[in-house]
Structures are given as C-alpha cells and as structure tokens.
Amino acid sequence: MAQMGIISAWGCQLAYALFQVLSGFFGDRYGARLVMWLTVMGWSVASLASGAVMRSGG
C-alpha cells in the first residue's frame, strides 16, 4: 500500500506541475476566461466519466 501511495502521489504531483505550466502559457496566450472555461468543462467531463467506470473485482 505504501508503494502504491508513493506512485499515486508522484503521479499527481507531476501532472499538477505540468498542467500548471501549460495553463499559465495558454492563459497568457488565449486569455484566462477561455482557459478557465475549458478547464471546468474538462474537469466536468472527467468527473462524469469517472462515475461511469464499472468496478471490477470484489
């Protein structure tokens, strides 16, 4: 469990750092309002999709 937690934490931190840089770049280039709208829409779709995932196993 500890190894799984470490892998999950590192994956989350790396993704967060990467998307912070990309969001800043796109926010400067296209405007904060558009980038925030796209981010919220993407987050909503991901949340919806995660609720539709079927659980396998016990």
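Our subject is the structure listed above.
Remember, it's a predicted structure, so these values are computed and weren't measured experimentally. All residue numbers here refer to positions counted from 1 along the written sequence of the relevant chain. This being a predicted model, a pLDDT of at least 70 is required before a residue's local features are given, and a value of 80 or more before pairs of side-chain atoms are given or counted; all residues contribute to the totals for chains, interfaces and linings. Computation of side-chain values: all heavy atoms of the structure, hydrogens and water removed.

(A) Spotlight on the environment of S44. Counting from the N terminus, the helices are the DSSP runs of H or I reaching at least four residues and the strands are the DSSP runs of E reaching at least two. Structurally, S44 can be placed in helix α2 (residues 32–52). Only 2.8 Å separates the side chain of S44 from the backbone oxygen of V40, close enough to count as a polar contact. Side-chain atoms alone can form a polar contact between residues adjacent in sequence; in general such a contact is a pair of N or O atoms within 3.5 Å, and within protein one must be able to donate a hydrogen while the other accepts it.

(B) Representation of the packing of helix α1 (residues 2–30) against α2. The convention used is that axes are lines fitted to C-alpha atoms, helices contributing only their stretch in contact, and that angles between N-to-C directions extend from 0 to 180 degrees. Their axes nearest at 7 Å, the elements α1 and α2 cross at an angle of 135 degrees. Between α1 and α2, the interaxial angle falls into the category oblique. Across from S23, F26, G27 and Y30 in α1, the residues of α2 making contact are A32, L34 and V35. Across the contact of α1 with α2, the residue classes tally to five nonpolar, two polar and no charged. For this classification, under 35 degrees means roughly parallel, over 145 means roughly antiparallel, 65 to 115 means roughly perpendicular, and everything else is oblique. Working rule for contacts: check all heavy atoms of both residues, and any pair within 4.5 Å makes them a contact. Charged residues are taken to be Asp, Glu, Lys and Arg, nonpolar residues to be Ala, Val, Leu, Ile, Met, Phe, Trp, Tyr, Cys and Pro, and polar residues to be all remaining types, Gly included.

(C) Representation of the environment of G27. Relative to the assigned elements, G27 resides in helix α1. Residues G27 and R55, 28 residues apart in the sequence, show an inter-C-alpha distance of 37 Å.

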